[in-house]
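# Tertiary structure, described
Spelled out from the first residue to the last, the chains are:
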Amino acid sequence: MTDIKKSLSILFFLCLAVFLCAGQTTKVKIPTVRLGFPLKCTIGKDCWILAYPDVDNSKKWKDYKGGTRTYNTHKGTDFVIKNQKRMNYRVPVVAAAHGRVLGTRDGLKDINVKKIDKKSIEKRECGNRVAILHGQGFLTDYCHMLKGSVKVKKGDYVKAGDLLGYVGMSGLTETPHMHFSVQYKNKKIDPFTGKFIEKTKIPALNRSLWKPEVELKLKYRPVFIYNIGVTAVKPNDVEMQEGNFEQQDIKKNSGYIYIWADTLSIKKGDVLKFVLTDPLGRVIINKKSVIDKPNVRRFFYLTHKNIRKLELGQYNAKVLIYRPAKQASYQKTVDFYVID
Ligand SMILES: [Zn+2]
């Protein structure tokens, strides 16, 4: 090989190397961040998804499965715990992935927004909060935390699963829950689909942002009963959320049994059923009603009057919701005693 040929081939390989390197640096990087579960509780047992992000940008609302388990302009996922009694026992909020704390807020009261002037929390609707930057353009935000519980400060480095604080009800909320939102490149994104829920020209990621095991745990249910209970005194939704009217023994001379259900995302045409079974396994109440209007969350109860005639012993109350169009149903049961 002549010197010129040698130089030319070296030049050729140099050019090829530069070309390949340049090709690699301009290649679009697919972000690898995967989110862990942001709470320490068991989905379906002591915490539930109350609302998903609204993926419909009109005045209507739609969750990522085309259902109504959301409300208009909702930009996060609401993880709800049973009631305020459970809140006071503390449910940990943890970092969904490694990252650096971008900011925090603490000091706002835990109170049902129905009991205060909404203006007093203007621009602080998220309540006590932590925001974490994860790199690759991701940010997670944790809202409504318990007053005085925020454990991290701006600039702290946190690992996935590190304690950030506890579930509370500060800011714009009627019930203890954690509003969890995710941003990618400064725009809110639905972690269930990787699609943006704010207008942007950035291409969507089009995949779940959850770790596979978390995605499995968060399986979507079109109809859902959040909580049920049995009580001898007439229940209402406000006190129910404070942790009252939980399952209890019913005294025969109390006169009444109330079976209540806290339902989510009901639609017109859904069928709600209350079933009461006595200690001998006989069905003594089987009451069906058809839902008249849609609601994100609605409280129902059934009154049973003639309880003096009842046998003593263990009873079972069942509440079932059924959506004929989807052939989807969900039920919850509770055992209780009728005593002397
Ligand atoms: Zn929310």
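Note that this is a predicted model, so its numbers are computed, not measured.

Scoring rules and cut-offs
Residues numbered from 1 in each chain as written. Predicted model: local features only at pLDDT ≥ 70, side-chain atom pairs only at ≥ 80, totals over all residues. Helix = DSSP H or I, 4+ residues; strand = E, 2+ residues; numbered from the N terminus. Rg over C-alpha atoms; globule rule 2.2 N^0.38 Å. Buried ≥ 20, exposed ≤ 12 C-beta atoms within 10 Å, placed from the backbone. Contact = placed C-beta atoms within 7 Å. Core = buried A, V, L, I, M, F, W, Y, C linked by C-beta atoms within 7 Å. Domains from an automatic or database assignment. Pairing = 2+ DSSP bridges. Axes fitted to C-alpha atoms, helices over the stretch in contact; angles between N-to-C directions. Nonpolar A, V, L, I, M, F, W, Y, C, P; charged D, E, K, R; others polar. pLDDT = per-residue confidence, 0-100.

Another aspect to go through is the overall build of the protein chain. When you go through the protein chain residue by residue, the secondary structure sums to 4 helices and 19 strands. A globule of 340 residues ought to have a C-alpha radius of gyration of about 20 Å, yet the protein chain, at 26 Å, is considerably larger. Across its three principal directions, the C-alpha atoms of the protein chain cover 110 × 45 × 35 Å. By the burial criterion, 34% of the 340 residues in the protein chain qualify as buried. Summarising the internal contacts of the protein chain: among those between residues at least 6 apart in sequence, 67% fall at separations of at least 24.

It is worth spelling out the nonpolar core at this point. Ranked by size, the top nonpolar core spans 67 residues in total, and within it Leu39, Val93, Tyr142, Val167, Met178, Ile259 and Trp260 carry the most contacts. The biggest single contributor to this core is strand β14 (residues 257-266), with 6 residues. Taken together, domain 1 (47-217) and domain 2 (224-339) each give at least three residues to this core, which thus spans both. Look past the residues within four positions of Ile259 in its chain and what remains in contact with it is Val230, Phe274, Leu276, Tyr301, Leu302, Ala317 and Val319.

This part is about the sheet that holds strand β12 (residues 224-231). Taken together, the 3 strands give an open sheet; going across it, the order is β12-β14-β17, and neighbouring strands pair in antiparallel fashion. Edge positions in the open sheet fall to β12 and β17 (295-304), since each of these has one partner strand only. Neighbouring strand axes in the sheet, compared pairwise and without regard to direction, differ in orientation by 15 degrees on average.

Taken together, the 5 strands give an open sheet; going across it, the order is β13-β19-β18-β15-β16, and neighbouring strands pair in mixed fashion. The outermost strands of the open sheet, each flanked by one partner alone, are β13 (250-251) and β16 (283-290).

Taken domain by domain, the protein chain comprises domain 1 (47-217) and domain 2 (224-339). On a C-alpha basis, the centres of domain 1 and domain 2 stand 31 Å from each other. With 15 residues of domain 1 at the interface, the matching set in domain 2 holds 11 residues. Looking at the side of domain 1 that touches domain 2 residue by residue, the class counts come to 4 nonpolar, 6 polar and 5 charged.

On to the pairing of β14. With 9 of 10 residues buried, β14 lies mostly within the body of the structure. One ladder, built from 7 bridges, connects β12 with β14; its direction is antiparallel. Within β14, the position partnered with Ile225 by the bridge is Thr263. Alignment of β14 against β17, held across 9 bridges, turns out to be antiparallel. From the neighbouring strand, Asp262 faces β17, where its bridge partner is Phe299.

Turning our eyes to something else, we now look at the environment of Lys293. For Lys293, the location among the structural elements is in the loop between β16 and β17. Sequence separation between Lys293 and Tyr157 is 136 residues; the distance between their C-alpha atoms is 47 Å.

Our focus in this paragraph is the pairing of strand β18 (residues 313-323). By the bridge criterion, 7 bridges tie strand β15 (residues 271-277) to β18 in an arrangement that is antiparallel. Note that in β18 the partner of Val271 across the bridge is Tyr322. As defined by bridge partners, β18 adjoins strand β19 (residues 328-339) across 11 bridges and the pair is classed as antiparallel. Residue pairing across strands places Gln314 opposite Tyr337, the latter belonging to β19.

Considering the arrangement of structural elements, one finds Gly107 in the loop between β4 (99-105) and β5 (128-135). Assessed through the 11 C-beta atoms surrounding it within 10 Å, Gly107 is described here as exposed.

Averaged over all residues, the pLDDT of the protein chain is 89; the fraction at 70 or higher stands at 91%. Low pLDDT, under 50, characterises residues 14-26; the predicted model gives this stretch 0 contacts beyond four residues in sequence or across chains.

A positive phi angle, near 65 degrees, is found at Lys123, a position not held by glycine. Turning to its location among the elements, Lys123 is positioned in the loop between β4 and β5. If you check the backbone angles, Ser265 has positive phi at about 50 degrees while not being a glycine. Position of Ser265 among the secondary structure elements: in strand β14. For Ser265, a count of 26 C-beta atoms within 10 Å translates into the label buried.

Moving on, we come to the environment of Lys268. Along the chain, Lys268 turns up in the loop between β14 and β15. Take Lys268: there are 10 C-beta atoms within 10 Å of it, and that puts it in the exposed class. When the C-alpha atoms of Lys268 and Lys252 are compared, they prove to be 36 Å apart, with 16 residues separating the residues in sequence. When near neighbours in sequence (up to four residues on either side) are disregarded, Lys268 contacts Ile291, Asp292, Lys293 and Pro294.

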